[in-house]
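Observations on the model geometry
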Amino acid sequence: MCATEGNRRGTAAYVAGLLLIRYVSSFVGFWLQCYAIFLLLTGNYDGFLSTLVWMVKMLPVVGPIFDTVDDIPWVKKQLARAGVKSD
């Protein structure tokens, strides 16, 4: 799951951000999670983008709006690299 250094850092920052939001400061935790998402998107964690797209599509209100996200060339390229077939 966390094969590279960037993935380990991104995963650790995301979990730390969750804990900070829950127990300490939501502002600091939010920015730490933003940093973690940046690390995960720029690293070689291919499953992260496809999981993120799938989760956004499952949201009740914004999900139908983001059904067209598969048509964006950058997203299409990342999903193909991850081995995910788009509908």
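Above: the structure in question.
Residues numbered from 1 in each chain as written. Predicted model: local features only at pLDDT ≥ 70, side-chain atom pairs only at ≥ 80, totals over all residues. Heavy atoms only, no water.

Some points on the environment of V53
Here V53 is to be found in helix α3 (residues 46-57). Spatially, the C-alpha atom of V53 lies 9.0 Å from that of D67, the residues being 14 residues apart in sequence. (Helix = DSSP H or I, 4+ residues; strand = E, 2+ residues; numbered from the N terminus.)

What to know about the packing of aromatic side chains
All chains considered together, the criterion is met by two aromatic pairs. A centroid spacing of 6.3 Å and a plane angle of 70 degrees characterise the contact between F27 and W31, whose relative ring orientation is edge-to-face. Taken together, the positions of F27 and W31, both in helix α2 (residues 26-42) and four residues apart, correspond to about one turn of that helix. Residue class for W31 comes out partly exposed when judged on its relative accessible area of 49%. Seen in terms of ring centroids, F30 and W31 are 5.2 Å apart; in terms of plane orientation they differ by 75 degrees. Their pairing is edge-to-face. Put simply, the rings of F27, F30 and W31 pair up and form one aromatic cluster. (Phe/Tyr/Trp six-rings, centres within 6.5 Å; stacked < 30°, edge-to-face > 60°. Buried < 20%, exposed > 50% of the residue type's maximum accessible area, 1.4 Å probe, protein only.)

A few points about a nonpolar patch on the surface
Among the surface-exposed residues, I21, F27, V28, F30 and W31 lie close enough to one another that they form a single nonpolar patch of about 520 Å² accessible area. A per-element tally of the nonpolar patch places α2 first, with four residues. Mapped onto the elements, F30 comes out in helix α2. (Patch = residues over 30% accessible without salt bridge, like charges linked within 9 Å, V, L, I, M, F, W, Y side chains within 5 Å. Areas by Shrake-Rupley, 256 points an atom, 1.4 Å probe, with all protein chains shown as cover. Salt bridge = Lys/Arg side-chain N within 4 Å of Asp/Glu carboxyl O.)

Some points on α2
For an α-helix, the turn length of 3.6 residues means that residues three or four places apart are oriented alike. Taking 1.5 Å per residue as the helical rise, α2 with its 17 residues ought to reach 24 Å, and the 24 Å between its terminal C-alpha atoms agrees with that figure. Along α2, the positions that sit buried rather than exposed are G29, Q33, A36, L39 and L40. The arc that holds every buried residue of α2, seen down its axis, measures 115 degrees, which confines them to one face. Exposed side of α2, more than 90 degrees from the buried face: F27, F38 and T42 are the residues found there. (Expected span 1.5 Å × (residues − 1). Arc of directions from axis to C-beta.)

What to know about the side chain of Q33
Topologically, Q33 is positioned in helix α2. Aside from chain neighbours lying at most four places away, what touches Q33 is Y14, G17, L18 and I21. (Contact = heavy atoms within 4.5 Å.)

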